[in-house]
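Commentary on secondary and tertiary structure
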Amino acid sequence: MEDVTRLSLFAATNVSPISNSTIIITPLNYAYLTLTCLMSTLSALGTLLIIWTYFLYPQTHNTCRRMLVHLSIADFLMAVGNFLGVPEALDMTRISLGYQTSIICVISGTIATISSISSFLWTSVIAVYLYICIVQSRSRLLGTKTLVATYITCWLVPVIVAILANIYHVFGYDPSLHHMSSCWISSAVPDQLMWQFLTGKAWEIVAYFVTGIFYALVKYHVYKEMRYAYNLGSQSMQAIYRVNRKMTFVPLVFILLRIWGTIRFLIGVVDHSYASSPASTWIVVMQGFGDSSQGFANCVLFCFCSPKLRQLMLTSFRKWTTGFTSRKDRTKITSTMACSAKTVINTGTNERAPLLQDKNISSSNT
C-alpha cells in the first residue's frame, strides 16, 4: 500500500522520490512554525514603519537612512519568504516521501535568497559607510555615482544568484531531516554545499566579519572622542553616548539573530546525522526565530530607540488623536444640534395645530 501511495504521488507531482524518512511532529516543531509566523509578521510591520517614517518626515533624510530603507525592503521580502515557507513545511507527507519540487517552495526559496543576500550586503555597506563618515571623515568622497553603483550592486548580485539557482533547479528540501525546515537547497542537487554557500551562507559569514570589524573601529573612535570631550555640552555628550550604544547593539543584535542558522549549517557540515535528527530541533526553532526577526529588531533600534524619530512619531500620533477626537466632538455637536432643531420644529408644529383647527372651524361656520 505504501508503494502504491508513493507511485500515485510521483505521478501527480512528476518528481522522483529520494528517501523514506519520517518527520516526527513535536511541540518544538509547532514552536518553530509559531515563532516563524509571529516574527515574520512583526518584521514585516516593522520594516513598513521604517519605510513609512522615511517618506513621512523629510527632515530625517540622509544617505544612511536611505540605505536603511533599502535594508528594510530586503528584510520585508525575507519576512514574506519565511512566511510563505510555513504552509509548505506543514505538508509533511510530501516532504518526508522526498517529493521536493513545488511552486511555493521555488517562490519562497527565490525570495529568501534575494532578500537574505541583499540584507547581508546592505548591512555590510552601512557599516562601511559609517566607518568612512565617522572615522575617516570622507563622506564627500562618496559621490552620487558611487552610491548609485552601490544600490545597483546590492540588488543585482542577489537577483543573479537567484536566477542561477532557478536555472539549475536547486531549490528543494532535504528529506533526511527528521524535523520541520524551510525550503532551501535540495539534497539531490550535486555540489549541494557550494550552492548553500552561494545562496546565503558565504555572504552571511562575510557580513559577520565586516559588521563586527567596522563597527568595532567606529566604536573605538567614538570612545577616543569621549575621552577628550569633557568641554562639550550635555546634549553633545548625550548624542555621543547614544552613538556609542548603537555601535554596540547594532552588530550584536545582527549576529545574535543570524548566528543560529550559521551554527545549524556548520553542524550539518560536520555531523549531518545529528543535524538531521530530532535532537537538533531546538536549533531549528532558534533559527526560525532569528532569521525572521531582523526587520523587527531594526525597527526597534532605528525607530523607537532614536529620540528624534520617536518624538516625531509621538507628535504625529498626538495630532492624529486630537484631530480624531475633534472630529468626534464636532460630529456629536452637529447631531445634537440637529436633534434639537428637529424637536423645536416638531414642538412648533404641535402648537400651531389647534390654531389651524380653530381657524378651519370658524371659516366653515361663516
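For the structure itself, look to the data block above.
All of these numbers come straight from a predicted model, not from anything done at the bench.

1. Here we look at the overall build of the protein chain
- Across its full length, the protein chain holds 12 helices and 2 strands.
- Secondary structure elements of the protein chain, listed N to C terminal, follow the sequence α-α-α-α-α-α-β-β-α-α-α-α-α-α.
- Here the protein chain holds 366 residues, and the buried ones make up 41% of them.
- Considering only intrachain contacts with a sequence separation of at least 6, the fraction spanning at least 24 residues in the protein chain is 77%.
- Split by element, the accessible area of the protein chain, about 20,200 Å² in all, is 68% carbon and sulfur.

2. Brief notes about the state of the cysteines
- A complete count under the given rule lists 1 disulfide for this structure.
- Through a disulfide, Cys 105 is tied to Cys 183; the S-S separation comes to 1.9 Å. Since a negative S-S torsion denotes a left-handed disulfide, the Cys 105-Cys 183 link at about 55 degrees is right-handed. Residue Cys 105 is found in helix α5 (residues 103-136), and its partner Cys 183 is found in the loop between β1 (171-172) and β2 (184-185); the two are separated by 78 residues along the sequence.
- Classification of Cys 105 as buried rests on a relative accessible area of 0%.
- On the basis of relative accessible area, Cys 183 is assigned to the buried category, the value being 6%.
- Here Cys 133 is not disulfide-linked; the sulfur of Cys 64 is the nearest cysteine sulfur, at 7.8 Å.

3. A look at the nonpolar core
- One finds Met 67, Trp 122, Ile 126, Tyr 215, Cys 303, Leu 309 and Met 313 to be the most contacted residues of the largest nonpolar core, which totals 34 residues.
- Elements that contribute at least two residues to this core include exactly α2 (27-56), α3 (63-90), α5, α6 (144-167), α7 (192-227), α8 (234-270), α11 (294-304) and α12 (307-365).
- For this core, the element with the most residues is α5, which contributes 8 residues.
- Residues in contact with Met 313, not counting those within four places in the same chain, are Leu 49, Thr 53, Tyr 57, Cys 303 and Phe 304.
- If you look at the next biggest cluster of nonpolar residues, it comprises 9 residues, including Cys 105, Phe 171, Tyr 173 and Val 189.

4. Here's the deal with the packing of α2 against α11
- Axis separation between α2 and α11 bottoms out at 7 Å; the angle between their running directions is 40 degrees. Seen from above, α2 lies across α11 with left-handed handedness. Residues Met 39, Leu 42, Ser 43, Gly 46, Thr 47, Leu 49, Ile 50 and Thr 53 of α2 form the contact with α11, whose participating residues are Gln 294, Gly 295, Phe 296, Asn 298, Cys 299, Cys 303 and Phe 304.

5. Describing empty space enclosed by the protein
- Going through the model one piece at a time under the given rule, you end up with 2 cavities of 30 Å³ or more.
- Reported here for the largest cavity is a volume of approximately 110 Å³.
- Within the residue set of the lining of the largest cavity, elements represented by two or more residues are α3, α5, α7, α8 and α11.
- Among the elements that take part in the lining of the largest cavity, α11 stands out by supplying 4 residues, more than any other.

Basis of the calculations
Residues numbered from 1 in each chain as written. Predicted model: local features only at pLDDT ≥ 70, side-chain atom pairs only at ≥ 80, totals over all residues. Heavy atoms only, no water. Helix = DSSP H or I, 4+ residues; strand = E, 2+ residues; numbered from the N terminus. Buried < 20%, exposed > 50% of the residue type's maximum accessible area, 1.4 Å probe, protein only. Contact = heavy atoms within 4.5 Å. Areas by Shrake-Rupley, 256 points an atom, 1.4 Å probe, with all protein chains shown as cover. Disulfide = S-S within 2.5 Å. Core = buried A, V, L, I, M, F, W, Y, C linked by side-chain atoms within 4.5 Å. Axes fitted to C-alpha atoms, helices over the stretch in contact; angles between N-to-C directions. Left-handed = near helix turned anticlockwise from the far one by under 90°. 1 Å grid on protein atoms, 1.4 Å probe; cavity = no way out; pocket = protein on both sides within 12 Å on 5 of 7 lines; lining within 4 Å. Points joined across faces, edges and corners; volume = space filled by probe spheres on them.

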